[in-house]
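Topology and contacts: notes
Here's the letter readout for the chains.
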Amino acid sequence: MATRANLECPVCHDEIGYGEQLVGHLLDEHSKKKLAEFIATETVSMEENDISE
């Protein structure tokens, strides 16, 4: 029987346990500033990849 790997937080790479919600983890463990920095970095990275292709 195959098992599924647990979800990983894209910000801190902590494993999200069975029954725990990613949204809850993000709200409880990360500041607004940390989340904004992550989103900004990811957005710039995606835009740079679009330009280079």
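The paragraphs below set out a description of the structure included in this document. (Residues numbered from 1 in each chain as written. Predicted model: local features only at pLDDT ≥ 70, side-chain atom pairs only at ≥ 80, totals over all residues. Heavy atoms only, no water.)

Take the pattern of salt bridges next. One pass over the full model with this rule turns up one salt bridge. Lys33 is the salt-bridge partner of Glu37, the closest N and O atoms lying 4.0 Å from each other. Of this pair, Glu37 and Lys33 both sit in helix α2 (residues 32–52), separated by four residues, roughly a single helical turn. Classification of Glu37 as partly exposed rests on a relative accessible area of 41%. Assessed through its relative accessible area of 61%, Lys33 is described here as exposed. (Salt bridge = Lys/Arg side-chain N within 4 Å of Asp/Glu carboxyl O. Helix = DSSP H or I, 4+ residues; strand = E, 2+ residues; numbered from the N terminus. Buried < 20%, exposed > 50% of the residue type's maximum accessible area, 1.4 Å probe, protein only.)

Turning to a negative patch on the surface, a few remarks are in order. Among the surface-exposed residues, Glu8, Asp14, Glu15, Glu20, Asp28 and Glu29 lie close enough to one another that they form a single negatively charged patch. In this structure, Glu20 sits in the loop between β2 (15–16) and α1 (22–29). (Patch = residues over 30% accessible without salt bridge, like charges linked within 9 Å, V, L, I, M, F, W, Y side chains within 5 Å. Areas by Shrake-Rupley, 256 points an atom, 1.4 Å probe, with all protein chains shown as cover. Lys, Arg positive; Asp, Glu negative; His and termini not counted. Charge placed at Lys NZ, Arg CZ, Asp CG, Glu CD.)

It is worth stressing that arrangement in space is one thing and function is another; only the former is reported here.
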